[in-house]
Amino acid sequence: MKNYPIAKPYITKKEEKYVLNVLRSGILSIGPKIEEFEKKFSDKIGAKYACAVSSGTAGLHLAMIAAGIKKGDEVITSPFSFIASANCILYVGAKPVFADINPVTYNIDPVKIEKKITPKTRAILVTHIFGQACDMEAILKIAKKHKLKIIEDACESVNAEYKGKKVGTFGESAVFAFYPNKQITTGEGGIITTRSKKTQEICRSLRNQGRSENMQWLDHKRLGYNYRMDEMSAAVGIAQLEKLDFMITQRQKIAGWYNKYLLPHSNFIQIPLTAEHNIHTWFVYVITIKNKRVSRNKIIATLNKEGVSTKPYLPSIHLFDFYRKKYYYKKGDFPVSERVSESSLALPFYIGITEEDVKYISKKIINALRNYEKRIQK
Ligand SMILES: *Cc1c(COP(=O)(O)O)cnc(C)c1O
């Protein structure tokens, strides 16, 4: 039986070669590769400045500090995201205020954002979910009207476009992540992009124990962290960037295969939809199960026995225990997000999976759903 994982990095000789060069150079941190990676990444997406860090989460933390978000502030964000995009608001002592999502794109709904604005609101932290951009025109308008900053969590959407402009260039700053399941990887790693030289300077200082660029090793200007990206990781990132266009094209092709084999079964499932003005770069391929009486978790278990890994994607953040306890969130607060969370399923999706594999996996999914529905009808 073949086994299909959900995600798998695409590593070739190029990464091996670049990492080996770094190892042989003897400069393993604070060297030329991190700067080269920053330059190449920001050029690629059309951002002015960048600051590479040790993870996407670290990047979000620094982006919040650099934006001046602090205790007593409120930041509006999506409950349908990976937990780090809400946690980073807590890291700086501010309050995450959720606004429900659009049922088609699963991205934060601009209309719902406006209803959550209070005198304490300082920023909107948007997550471009699964590889497609939020409705940035509407969100930028709201931000301008209410004088709010925009921070983009672009961790799942490298190279994605909204009306011809790449994500990571809309906000005050943006953050990308390179964990091995993302579209490109550095092992662990992340990067902040920004249009402000000042933000870049602050982030570079914060990632390096609060030192300024021209300071001595044991001189510290502000409270900082060790959020540096090492040179081996940066070298992997450079290799991955050189393959980025190819890798995204492959992902789009795989999504096309899933669409082809799953679309005829729209009585059982909803396939992912892409907004007209978006270019989707496919972090994951997520379907939702239409019949509310079908146990999604049982479907996951059935598929797992057949070698097909699937995962609920994603749980709604406001329903995690510590969010409930801290802010009294409850079921029903964000119904669209909750409905997607309860019925969604991420499918095996990585470069190297073939059309035959996708056809096979699709058949297994539909069979599992068909059998389950037959059983509950009895
Ligand atoms: C992956 C991810 C992150 C965090 O990235 P790490 O590198 O794992 O810290 C943040 N936000 C979103 C939406 C993500 O998908």
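All figures in this text were calculated on a predicted structure; none of them were measured in a lab.

Peer 1: So what about the domain arrangement of the protein? Which residues, and what values?
Peer 2: Taken as a whole, the protein is organised into domain 1 (13-242) and domain 2 (244-377). Once you take the C-alpha centre of each, domain 1 and domain 2 turn out to be 26 Å apart. Of the residues lining the interface, 45 residues belong to domain 1; the matching set on domain 2 comes to 37 residues. Summed over both partners, the interface of domain 1 with domain 2 buries about 3400 Å², with 62% contributed by carbon and sulfur atoms. Scanning the region where domain 1 abuts domain 2 turns up one salt bridge. Put simply, Lys44 and Asp245 hold a salt bridge, and the shortest N to O gap is 2.9 Å. In this structure, the connection of domain 1 to domain 2 is made through 18 residue pairs in polar contact (both at pLDDT 80 or more). Elements supplying a minimum of two residues to the side of domain 1 that touches domain 2: helix H4 (84-91), strand S3 (95-98), strand S6 (161-162) and helix H8 (231-242).

Peer 1: Which residues make up the packing of helix H1 (residues 13-25) against H8, and what are the values?
Peer 2: At a closest axis distance of 8 Å, the pairing of H1 and H8 adopts a crossing angle of 150 degrees. The angle between the axes of H1 and H8 places the two elements in the roughly antiparallel class. Here H1 runs over H8; the crossing is right-handed. Taking contact as the criterion, the partners of Lys14, Glu15, Tyr18, Val19, Val22 and Leu23 in H1 are, on H8, Glu231, Met232, Ala235, Val236, Ile238, Ala239, Gln240 and Glu242. Its residues placed into classes, the contact of H1 with H8 shows nine nonpolar, one polar and four charged.

Peer 1: Outline the sheet that holds strand S8 (residues 173-177), supporting the account with residue identities and numerical values.
Peer 2: Sheets are built from strands that pair by backbone hydrogen bonding, the pairs being arranged parallel or antiparallel. Strand order in the open sheet formed by seven strands is S1-S9-S8-S5-S4-S2-S3, with mixed pairing between adjacent strands. Whereas interior strands pair on both sides, the edge strands pair on one side only; in this sheet they are strand S1 (49-53) and S3. Each strand of the sheet is rotated relative to its neighbour by a mean of 25 degrees, with strand direction disregarded. As paired strands, strand S2 (residues 74-77) and S3 are joined by four bridges and run parallel to one another. Paired with Ile76 across the two strands is Val97, which belongs to S3. In this fold helix H3 (residues 56-66) packs onto S1, S2, strand S4 (121-127), strand S5 (149-153), S8 and strand S9 (190-194), with an angle of close to 170 degrees to the strand it touches most, S8. Strands S2, S3, S4 and S5 of the sheet are contacted by H4, whose axis makes an angle of about 145 degrees with S3.

Peer 1: For the state of the cysteines, give the residues involved together with the corresponding values.
Peer 2: Considering all chains together, one arrives at zero disulfides under this definition. Looking at the unpaired Cys88, the closest cysteine sulfur is the one in Cys155, lying at 9.1 Å. For Cys134, which is in no disulfide, the shortest distance to another cysteine sulfur is to Cys155 and amounts to 12 Å. For Cys134, a relative accessible area of 0% puts it in the buried group.

Peer 1: Talk me through the nonpolar core; I want residue IDs and the actual numbers.
Peer 2: Counting residues in hydrophobic clusters, the biggest one holds 47 residues, and the most contacted among them are Phe37, Phe41, Ile139 and Phe176. Among the elements of the structure, H1, helix H2 (32-45), S1, S4, helix H6 (136-146), S8, H8 and helix H9 (244-262) are those that each provide at least two residues to this core. Among the elements that line this core, the one with the most residues is H8, at six residues. Viewed by domain, this core spans two of them, domain 1 (13-242) and domain 2 (244-377), each represented by three or more residues. The residues contacting Ile139, other than those within four sequence positions of it, are Ile108, Pro110, Ile113, Ile124, Val126, Cys134 and Ile150. Ranked by size, the runner-up nonpolar core spans 31 residues in total, among them Ala255, Leu345, Tyr350 and Tyr372.

Peer 1: Report on the site of the ligand, specifying residues and quantitative values.
Peer 2: Near the ligand you find 14 residues, and of these Gly56, Thr57, Asp153, Glu156 and Lys182 are the closest. Thr57 places a side-chain nitrogen or oxygen 2.5 Å from an oxygen atom of the ligand. Contact between the ligand and Glu156: an oxygen atom at 2.7 Å from a side-chain N or O atom of the residue. Relative to its unbound accessible surface of 380 Å², the ligand loses 92% to contact with the protein. For the shell around the ligand, the element with the highest residue contribution is H3, accounting for three residues. Broken down by class, the residue content of the shell around the ligand amounts to five nonpolar, six polar and three charged.

Peer 1: Could you give me a rundown of the pattern of salt bridges, with the residues and numbers involved?
Peer 2: On inspection of all chains with the given rule, the structure shows 20 salt bridges. Residues Asp73 and Lys70 are paired through a salt bridge, measuring 3.8 Å at the closest nitrogen-oxygen approach. Exposure remark for Lys70: the relative accessible area of 48% places this residue in the partly exposed category. Of the charged contacts, one joins Arg122 and Asp73 as a salt bridge, the two residues approaching to 3.5 Å between their closest N and O atoms. A residue pair is termed long-range when its members are at least 10 positions apart, and Arg122 in strand S4 and Asp73 in the loop between H3 and S2 qualify at 49 residues.

Peer 1: I'd love a proper account of the packing of aromatic side chains, names of residues and values included.
Peer 2: Between two aromatic rings, the relevant description is the distance of the centres plus the angle of the planes. Enumeration over the complete set of coordinates arrives at 25 aromatic pairs. When the centroid spacing of 5.5 Å and the interplanar angle of 20 degrees are considered together, the rings of Trp282 and Tyr285 count as stacked. This pair shows no difference in class: Trp282 is buried, exactly as Tyr285 is. Each residue in the set Phe98, Phe322, Tyr323, Tyr327, Tyr329 and Phe334 is aromatic and connected to the rest through ring pairs, giving one cluster. Above the face of the Phe170 ring, Lys165 is positioned so that its terminal group lies 4.4 Å from the ring centre. The ring of Phe82 is capped by Lys182, whose NZ or CZ atom sits 6.0 Å from the centre of that ring.

Reading the values: rules and limits
Residues numbered from 1 in each chain as written. Predicted model: local features only at pLDDT ≥ 70, side-chain atom pairs only at ≥ 80, totals over all residues. Heavy atoms only, no water. Domains from an automatic or database assignment. Contact = heavy atoms within 4.5 Å. Buried area = accessible area lost by both parts, 1.4 Å probe. Salt bridge = Lys/Arg side-chain N within 4 Å of Asp/Glu carboxyl O. Polar contact = N/O pair within 3.5 Å; in protein donor to acceptor, adjacent residues only side chain to side chain. Helix = DSSP H or I, 4+ residues; strand = E, 2+ residues; numbered from the N terminus. Axes fitted to C-alpha atoms, helices over the stretch in contact; angles between N-to-C directions. Parallel < 35°, antiparallel > 145°, perpendicular 65-115°, else oblique. Left-handed = near helix turned anticlockwise from the far one by under 90°. Nonpolar A, V, L, I, M, F, W, Y, C, P; charged D, E, K, R; others polar. Pairing = 2+ DSSP bridges. Disulfide = S-S within 2.5 Å. Buried < 20%, exposed > 50% of the residue type's maximum accessible area, 1.4 Å probe, protein only. Core = buried A, V, L, I, M, F, W, Y, C linked by side-chain atoms within 4.5 Å. Near = heavy atom within 4 Å. Areas by Shrake-Rupley, 256 points an atom, 1.4 Å probe, with all protein chains shown as cover. Phe/Tyr/Trp six-rings, centres within 6.5 Å; stacked < 30°, edge-to-face > 60°. Lys NZ or Arg CZ within 6 Å of the ring centre and 35° of its normal.

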